[in-house]
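The primary structure of each chain is shown beneath.
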Amino acid sequence: MYRLVLRYHIIHGCPALLFAIASDDVNQVRQVLESGEAGPNDQVGPQSALAFTLTNDKLSHKNEIVKALLAYGADPSALRNPDLNPSAQASSEGGQSVSDSHSQPGETTPEGMDPATRYYVTRADSTHTRQTSQLIYRSFFRPLTRVRYDLIGQDWVLEQLFRVLSMHSQRLSVAPIVVLLCGPSGHGKSLLARKFGSLLDIPTHTVNMTTLCSTHDLWQSYSMSPYEEPSSETLAQFLLDNEGKRCVVVLDEIEKVEDPKALYSLLMPWELGRCSLEAGKRHVDVRNVIWLGTSNIGHDLVFEHQDSRPDPSKPVTREEYRELMDLSRPHVSQGLGASLLSRVTTVLPFVPFTTEEKMAISAEAVYSLTGNAEKTLSPQDVEAIVTKVLPSYVPSEGARSLHRAVSNQLVDLI
């Protein structure tokens, strides 16, 4: 099948996406899609790019490539279209298919996918995903919709975040954007914060708030994120260099600052978009800075709210999430102070994972720990490992407990 597709593309002169996928390098796939050389819904021979990836048993990084295609807009409904996902028999007979008796290749059905791939394909195929993406479709923030293929769960967090960004894009609000991501550890707060700037391709400065003792320490802090290049630039210099420009400042674990008074200097920039970096010096324009704070405030509240729901096993509804948001603000107020909270645009609590989300996290942990698992382990093998580790899930530790359980399971299998 692969050779037939390769020959088709050589004859027709459109090999960019085929070669990128066949390279088994997700970065090449992203580069082709980003450059516009090919689209995520282009055909690769008789198949859609998504179907070609799912049925290609030579790929070691299939899950990552599927996620990249979906992130750039691949339509999962193509998998149900016999013209874009013909059965193996139809392909061998020259691409002729019968629409009313379409038999999808097993790898392209939910039952034939591993838990992680199934999760992302199903998520991309949902009406809610498309509706949420429309919130910032025409805005500067549109690339941020790709974060749902890095972040498992937290659909309501993303919807509320996109609503806030949409309002700001429409200039319905003149205040700077200040978002506080709060809740239990291991549920994606830091992941979302660190992906924010990179997806938008704008500068990011991350402050480890646990190291601060004073206002001076805040402005003189260096960016301390393992996911950014080491920098000798202080926060003050970062804001001066990016004055008037769109950029991101991440205040990691904001409630753990040694002296709460160190946060007072944030009141003016968060309310007026002006920053006084040093007494007697001119104010710096920070209206286009996006401030992202992460915090474990509300950890207990999130689990109490989860336990009080009529059926905790079901996904949180929009109404339940809105209720949790309203309950979270008083908790944040107690932790950070009412004056600071009054300048926060929105507080977004992170909620516990569903069973499907825990399975997806575990499956991705299998891939990250075994390297080429997608070649050596079948989707059924991965699902068997995932099923064994689910009882080891610790809600207060979130994804970290699943990664640890997968690691222990794989050690036992060696």
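The coordinates are above.
Residues numbered from 1 in each chain as written. Predicted model: local features only at pLDDT ≥ 70, side-chain atom pairs only at ≥ 80, totals over all residues. Heavy atoms only, no water.

### Things to note about the overall build of the chain
Next up, step 1: Helix and strand counts for the chain stand at 20 helices and nine strands.
Next up, step 2: When each of the 414 residues of the chain is scored for burial, the buried share is 50%.
Next up, step 3: Long-range contacts, defined as pairs at least 24 residues apart, comprise 70% of the intrachain contacts of the chain with a sequence gap of at least 6.
Next up, step 4: In the structure as shown, the chain presents an accessible area of about 19500 Å², 50% of it carried by carbon and sulfur atoms. (Helix = DSSP H or I, 4+ residues; strand = E, 2+ residues; numbered from the N terminus. Buried < 20%, exposed > 50% of the residue type's maximum accessible area, 1.4 Å probe, protein only. Contact = heavy atoms within 4.5 Å. Areas by Shrake-Rupley, 256 points an atom, 1.4 Å probe, with all protein chains shown as cover.)

### Side note on the pairing of strand β8 (residues 289-295)
Next up, step 1: A large share of β8 lies buried, amounting to seven of its seven residues.
Next up, step 2: Burial of the side chains of β8 extends over both faces: Val 289, Trp 291, Gly 293 and Ser 295 are buried on one face and Ile 290, Leu 292 and Thr 294 on the other.
Next up, step 3: In this structure, strand β5 (residues 247-252) lies alongside β8, joined through five bridges in parallel fashion. Residue Val 249 lies in a different strand from β8, and its bridge partner there is Trp 291. (Pairing = 2+ DSSP bridges.)

### Some details on the nonpolar core
Next up, step 1: Ile 21, Val 29, Leu 69 and Leu 70 are the most contacted members of the largest nonpolar core, which has 38 residues in total.
Next up, step 2: Of all the elements in the fold, those that place two or more residues in this core are α2 (16-22), α3 (26-35), α4 (49-54), α5 (62-71), α7 (115-124), α17 (355-370) and α20 (399-413).
Next up, step 3: With near-sequence residues (within four places) excluded, Leu 70 lies in contact with Leu 50, Pro 76, Tyr 120, Val 121, Ala 124 and Tyr 149.
Next up, step 4: By size, the runner-up hydrophobic cluster in this structure holds 35 residues, among which are Leu 218, Trp 270, Val 286 and Leu 336. (Core = buried A, V, L, I, M, F, W, Y, C linked by side-chain atoms within 4.5 Å.)

### Description of the environment of Ile 21
Next up, step 1: Its location among the elements puts Ile 21 in helix α2.
Next up, step 2: Along the backbone, Ile 21 and Leu 59 are 38 residues apart, and their C-alpha atoms lie at a distance of 8.4 Å.

### With respect to unusual backbone geometry
Next up, step 1: The backbone phi angle of Gln 154 is positive, close to 60°, even though this residue is not glycine.
Next up, step 2: Of note, Gln 154 is situated in the loop between α8 (127-134) and α9 (155-169).
Next up, step 3: Positioned with a positive phi, Asp 201 is a non-glycine residue whose angle comes to about 60°.
Next up, step 4: In this fold, Asp 201 is placed in the loop between α10 (189-200) and β4 (204-208).
Next up, step 5: Judged by relative accessible area, which is 70%, Asp 201 ranks as exposed.

### So, the pattern of salt bridges
Next up, step 1: Scanning all chains against the criterion turns up 17 salt bridges.
Next up, step 2: Across the pair Lys 195 and Asp 150 runs a salt bridge whose closest N-O atoms are separated by 3.8 Å. A residue pair is termed long-range when its members are at least 10 positions apart, and Lys 195 in helix α10 and Asp 150 in the loop between α8 and α9 qualify at 45 residues.
Next up, step 3: In this structure, Arg 287 engages Asp 285 in a salt bridge whose closest nitrogen and oxygen atoms are separated by 2.8 Å.
Next up, step 4: If you follow the salt bridges from partner to partner, you end up with Glu 64, Lys 67 and Glu 364 in one network. (Salt bridge = Lys/Arg side-chain N within 4 Å of Asp/Glu carboxyl O.)

### Quick word on the packing of aromatic side chains
Next up, step 1: Considering all chains together, one arrives at four aromatic pairs under this definition.
Next up, step 2: Measuring from centroid to centroid gives 5.3 Å for Tyr 119 and Tyr 120, while their planes differ by 75°, and the two rings are edge-to-face.
Next up, step 3: On the accessibility criterion, Tyr 119 (10% relative accessible area) is buried.
Next up, step 4: When the centroid spacing of 6.2 Å and the interplanar angle of 50° are considered together, the rings of Tyr 120 and Tyr 149 count as tilted. On the criterion of sequence distance, the pair formed by Tyr 120 in helix α7 and Tyr 149 in the loop between α8 and α9 is long-range, its members being 29 residues apart. Residues Tyr 120 and Tyr 149 agree in their burial class; the two are buried.
Next up, step 5: Clustering of aromatic rings is evident, with ring pairs tying together Tyr 119, Tyr 120 and Tyr 149. (Phe/Tyr/Trp six-rings, centres within 6.5 Å; stacked < 30°, edge-to-face > 60°.)

### Side note on the side chain of Ser 401
Next up, step 1: By the secondary structure assignment, Ser 401 is in helix α20.
Next up, step 2: With relative accessibility at 1%, the residue Ser 401 sits in the buried group.
Next up, step 3: Within the structure, the side chain of Ser 401 is placed 2.7 Å from the backbone oxygen of Gly 398, a separation counted as a polar contact.
Next up, step 4: Once residues within four sequence positions are removed from consideration, Ser 401 is found in contact with Ser 392, Tyr 393 and Val 394. (Polar contact = N/O pair within 3.5 Å; in protein donor to acceptor, adjacent residues only side chain to side chain.)

### A word on the sheet that holds β8
Next up, step 1: Strands sit in the order β4-β5-β8-β3-β9 across an open sheet of five strands; the sheet is parallel. Pairing within the sheet leaves two strands with one partner each, and these edge strands are β4 and β9 (346-349). Each neighbouring strand pair of the sheet contributes to a mean axis angle of 20°, computed without reference to strand direction.
Next up, step 2: Bridge count for strand β3 (residues 177-182) against β8 is six bridges, and the pairing is parallel. Bridging across to β8, Cys 182 finds its partner in Ser 295.
Next up, step 3: Against the sheet, α9 touches β3 and β9, its axis set at about 160° to β9.
Next up, step 4: Here α10 sits on the sheet and contacts β3, β4, β5 and β8; the angle it forms with β8, its principal contact strand, is near 165°. (Axes fitted to C-alpha atoms, helices over the stretch in contact; angles between N-to-C directions.)

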